[in-house]
Amino acid sequence: MTVEIAPSILAADFGALRDQVGLVKGAGASIIHVDVMDGQFVPPLSMGPQVCEALRDLGLHLEVHLMVDRPETIQVESFAKAGAGTIIIHAEATPAVDYALDLIRSHGCHAGLAVNPATPLAIYEEVSPDLALCMTVNPGWGGQSFIPSSVAKIERLRAIVGPDVVVEVDGGVDVATAASCVAAGADRLVAGSAIFGEDDPVRAFNNILHAATNRN
Ligand code: DX5
Ligand code: ZN
């Protein structure tokens, strides 16, 4: 199983955003995780589609994590047009989950479905996203501690979705927690502060990748 590390720019220096993204691209990253917060689904505001526009020519897959209420009303279309390759919605954010996933695909993007730590996995028995995101912190802020019970949840999630769906984890991923996520079945790990919060994001990216892929 190939494991990918998706750096989250939430923890990046926005005054030097393209340079920071260029650094992790140079280290081997092919996916950039873009955390979008609306001040409703989660308390903070973060960034809009202009950030994707600013990064789209860098040749990376932009994965947009929509922590927004009712993403199907406008945000899916806005981010698809801004260059998103994957758009992830939250199961808790809309009663129209199936419609929203279809809408994402209709724009040519991969469709992701996320659940918060307190949300059961039952929805993955009913709908079939391309990517299943298990939040390993409560969304809204970077730099939180990984919730240990998430490891068993990741295992259950992999068992439900089978081998063909990307299983992603997001929140508190670092060199100490990466291996257990992969062992539980995750094949994409989001890391924000553990990369961009470090003095040397390139070394930090490589250390997490090493921890995630050399787990014997
Ligand atoms: C949390 C966001 C995460 C966050 C991860 O609401 O969805 O993507 O940026 O940050 P770290 O890696 O610092 O926990
Ligand atoms: Zn995220």
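A. Geometry of unusual backbone geometry. The backbone of R70 shows a phi angle near 45°, a positive value even though the residue is not glycine. Within the fold, R70 resides in the loop between strand 3 (61–67) and helix 3 (75–81). Looking at R70, the relative accessible area reads 39%, which means it is partly exposed.

B. Quick look at helix 8 (residues 201–213). Relative to the 18 Å expected for 13 residues at 1.5 Å per residue, helix 8 spans 18 Å between its end C-alpha atoms, a close match to the ideal helical length. Elements in contact with the buried residues of helix 8: strand 1 (4–7), helix 1 (17–27), helix 6 (178–183), strand 8 (188–191) and helix 7 (193–196).

C. Representation of the pattern of salt bridges. According to the stated counting rule, one finds eight salt bridges in the structure shown. Measuring nitrogen to oxygen at the nearest pair gives 2.5 Å for the salt bridge that ties R188 to E63. One end of the pair, R188, is in strand 8; the other, E63, is in strand 3, with 125 residues separating them in the sequence. Here E63 falls in the buried class, since its relative accessible area comes to 0%. A salt bridge links R158 to D187; the shortest N-O distance between them is 3.1 Å. With R158 in helix 5 (residues 150–161) and D187 in the loop between helix 6 and strand 8, this pair connects stretches of sequence that are 29 residues apart. Put simply, E4, E63 and R188 are held in one network by salt bridges that share partners.

D. Spatial organisation of the site of ligand 1. Among the 20 residues in the neighbourhood of ligand 1, the closest are listed as D35, G140, D170, G192 and S193. Here an oxygen atom of ligand 1 and a side-chain polar atom of D170 are 2.7 Å apart. G192 is positioned with one of its backbone polar atoms (N or O) 2.7 Å from an oxygen atom of ligand 1. Secondary-structure elements contributing two or more residues to the shell around ligand 1 are strand 2 (31–37), strand 3 and strand 8. Among the elements that take part in the shell around ligand 1, strand 2 stands out by supplying three residues, more than any other. Residues that form the shell around ligand 1 fall into these classes: eight nonpolar, 10 polar and two charged.

Rules behind the numbers
- Residues numbered from 1 in each chain as written.
- Chains lettered and ligands numbered in written order.
- Predicted model: local features only at pLDDT ≥ 70, side-chain atom pairs only at ≥ 80, totals over all residues.
- Heavy atoms only, no water.
- Helix = DSSP H or I, 4+ residues; strand = E, 2+ residues; numbered from the N terminus.
- Buried < 20%, exposed > 50% of the residue type's maximum accessible area, 1.4 Å probe, protein only.
- Expected span 1.5 Å × (residues − 1).
- Contact = heavy atoms within 4.5 Å.
- Salt bridge = Lys/Arg side-chain N within 4 Å of Asp/Glu carboxyl O.
- Near = heavy atom within 4 Å.
- Polar contact = N/O pair within 3.5 Å; in protein donor to acceptor, adjacent residues only side chain to side chain.
- Nonpolar A, V, L, I, M, F, W, Y, C, P; charged D, E, K, R; others polar.

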